[in-house]
Amino acid sequence: MRHPRPDLAPDAGLSRAEMEALQREIADAAVFEDDFAFDPATLSNPLATTASAGDPPVVVGVDQSFLTNEDGDQDRALSAVVATRGGEVIERVHAVTPLEIPYVPGLLSFREGAPILAALDELSVEPDLLLFDGSGRIHFRQAGIATHMGVVRDVPSIGVAKSLLCGTPREDTDDLLEGTRVAIESNSRVDAPDGTLLGYAVQTRQYDSPNRYINPLYVSPGHRVGPETAADVVLALASSYKLPEPVRLADQYADEAKRNLTE
DNA sequence: GCGACAG
DNA sequence: ATCTTGTCGC
C-alpha cells in the first residue's frame, strides 16, 4: 500500500531555510533500500516476462527543458515524462508551469518539481519506477530531486546525474571499465555520518582502446531503492547510450515538445 | 574569507 | 539548463 506525502510537495514560496528543513523531513521519510514489488530481472530482458512475475515494470523517465520569454528570459519549465515497459514506449506526456525561482545547487526540486508533478498527473499508466536527471541521496541533505519526487508520490525512484554534487568517490573514477561502479560516500558537506554509502559512479558506456574516456553517471537511491539496485537498474537500462533509455527518451521529448511550442 | 556547487 | 556545426577518431 502506498503512502503519498503531498504535504512534502515542493513550494517555491518557502524561504531557503524552510526549503532545507523540508528536505530534512523528506530524507527522514525516504527509504534508501529496496522496497518494491516488481522483479528487477525483467528490466533488461523483455522476453523473460513469461518465466517471471507477469508484465515487466513500467519505468518512467523524467527530464526538463526551459521556455524563453519574448524578452529572452526563462519563464517556464517544461517537464517531459516517458513511460516504458519492456523496452517499449507506452506513453508520453508533458506539462509546462511558470518558473518561480532561480537554480540554486541543492534546491533543484523546488525549481523543477511543479512541472514534474503536473506531468506525472497526466500519466494514465501507473509508474513502478521513476528515473530522474539529477541526484537522489547524493545531496547535501540526502534529498535530491529523485528523493523528493519519489517520497511525495511514494513511488520507487532513482537519481541519475551527469556530474557529482557532493560526496567522495572511494576510488579513482577515471577510465572505469564499462559495467563497473565506484561507491560514493558522504563527506563533511553531507548531512550524514562520514562514510555513509550514498550511491555509485556507474560506467554504463566506455570506449575500448583509444585515449578517449567517457565520464561515469552518478547514480543514487531516490526512494524505496537501495544503492546497489539503483546501479544495477541503470546498467540494465543503458543499452546503447550512456543514459538509461527512459531518461534519454525523456531528454529527447523535452526538446521536441519545446520545439513544438517555440517554432 | 575562500571554495564547491545536480539542472 | 542554454547558445550550436563541424569535426576528430574509431
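Note that the structure is a prediction, hence the values are computed from the model and not measured. (Residues numbered from 1 in each chain as written. Chains lettered and ligands numbered in written order. Predicted model: local features only at pLDDT ≥ 70, side-chain atom pairs only at ≥ 80, totals over all residues. Heavy atoms only, no water.)

## Quick notes on the side chain of N187
Item 1. Residue position: N187 is located in the loop between β7 (181-185) and β8 (197-202).
Item 2. Within the local environment of N187, its side chain forms a polar contact with the side chain of T168, the two groups lying 3.1 Å apart.
Item 3. Only 3.0 Å separates the side chain of N187 from the backbone nitrogen of R189, close enough to count as a polar contact.
Item 4. When near neighbours in sequence (up to four residues on either side) are disregarded, N187 contacts G167, T168 and D194. (Helix = DSSP H or I, 4+ residues; strand = E, 2+ residues; numbered from the N terminus. Polar contact = N/O pair within 3.5 Å; in protein donor to acceptor, adjacent residues only side chain to side chain. Contact = heavy atoms within 4.5 Å.)

## Quick look at the packing of helix α3 (residues 108-122) against helix α4 (residues 145-153)
Item 1. Two elements in contact, α3 and α4, have axes separated by 10 Å at closest approach and are oriented at 45°. It follows from the interaxial angle that α3 and α4 lie oblique. The handedness of the crossing between α3 and α4 is right-handed. Contacts between α3 and α4 involve L108, S109, F110, E112, G113, I116, L117, L120 and D121 from the first element and I145, H148, M149, V152 and R153 from the second.
Item 2. Residues that form the contact of α3 with α4 fall into these classes: eight nonpolar, three polar and three charged. (Axes fitted to C-alpha atoms, helices over the stretch in contact; angles between N-to-C directions. Parallel < 35°, antiparallel > 145°, perpendicular 65-115°, else oblique. Left-handed = near helix turned anticlockwise from the far one by under 90°. Nonpolar A, V, L, I, M, F, W, Y, C, P; charged D, E, K, R; others polar.)

## Regarding the nonpolar core
Nonpolar side chains in soluble globular proteins tend to end up buried together.
Item 1. If you look at the biggest cluster of nonpolar residues, it comprises 31 residues, and the most contacted ones within it are V60, V81, I116, L120, L123 and F132.
Item 2. Of all the elements in the fold, those that place two or more residues in this core are α1 (16-29), β1 (58-68), β2 (74-85), β3 (88-98), α3, β4 (129-133) and α4. (Core = buried A, V, L, I, M, F, W, Y, C linked by side-chain atoms within 4.5 Å. Buried < 20%, exposed > 50% of the residue type's maximum accessible area, 1.4 Å probe, protein only.)

## Quick word on the sheet that holds strand β5 (residues 157-161)
Whether parallel or antiparallel, the strands of a sheet pair through hydrogen bonds between backbone atoms.
Item 1. Pairing within the open sheet is mixed, and its nine strands lie in the order β3-β2-β1-β4-β5-β9-β8-β7-β6. Where the open sheet ends on each side, the last strands, each with one partner, are β3 and β6 (168-169).
Item 2. Across five bridges, β5 lies against strand β9 (residues 217-223) in antiparallel orientation. Looking at the pairing, S157 lines up with H223 of β9.
Item 3. Of the strands in this sheet, β1, β2, β3 and β4 are in contact with α3, which crosses β3 at around 135°. (Pairing = 2+ DSSP bridges.)

## Points about the UniProt feature "binding site: Mg(2+)" (unreviewed entry) in chain A
Item 1. In this numbering, the UniProt entry assigns the feature "binding site: Mg(2+)" (unreviewed entry) to D63 and D133. A maximum C-alpha distance of 6.0 Å among these annotated residues, which run over 71 residues, shows that they cluster at one spot. Within this annotated set, the largest pocket is lined by D63 and D133.
Item 2. Checked against the element boundaries, D63 lands in strand β1.
Item 3. Residue D63 is classed as buried on the basis of its relative accessible area of 5%.
Item 4. With residues near it in sequence (within four places) discarded, D63 still touches L78, S79, A80, D133, A250, D251 and A254. (UniProt positions renumbered as here; feature names shortened; annotations may be inferred. 1 Å grid on protein atoms, 1.4 Å probe; cavity = no way out; pocket = protein on both sides within 12 Å on 5 of 7 lines; lining within 4 Å.)

## As for the protein's contact with DNA strand B
Item 1. DNA strand B sits among 16 residues. The nearest are Y103, G106, D133, S135 and K162.
Item 2. A distance of 3.0 Å separates a base nitrogen of DNA strand B from a polar atom in the backbone of L108.
Item 3. Within the side chain of H139, an N or O atom sits 3.5 Å from a base nitrogen of DNA strand B.
Item 4. In terms of residue class, the surface near DNA strand B is made up of seven nonpolar, six polar and three charged. (Near = heavy atom within 4 Å.)

## Overview of the layout of surface pockets
Item 1. Considering only enclosed or pocket space, the largest pocket measures out at about 410 Å³ in volume.
Item 2. Forming the boundary of the largest pocket are 23 residues, of which Y103, L108, D133, G134 and S135 lie nearest the centre.
Item 3. Within the residue set of the lining of the largest pocket, elements represented by two or more residues are β1 and α3.
Item 4. The residue inventory of the lining of the largest pocket, partitioned by class, reads nine nonpolar, nine polar and five charged. (Points joined across faces, edges and corners; volume = space filled by probe spheres on them.)

## Considerations on the UniProt feature "site: Interaction with target DNA" (unreviewed entry) in chain A
Item 1. Under the UniProt annotation, the feature "site: Interaction with target DNA" (unreviewed entry) is placed at Y103.
Item 2. By secondary structure assignment, the location of Y103 is in the loop between β3 and α3.
Item 3. With residues near it in sequence (within four places) discarded, Y103 still touches L108 and R111.

## Description of the pairing of β8
Item 1. Summarising burial for β8: five of the six residues are buried, a large majority.
Item 2. Of the pairings in the sheet, the one linking β7 to β8 comprises five bridges and is antiparallel in character. When the sheet's bridge partners are listed, E185 is paired in β8 with L197.
Item 3. Of the strand pairs in this sheet, β8 and β9 are connected by three bridges, and their pairing is antiparallel. Looking across to β9, one finds that V202 is bridged to L217.

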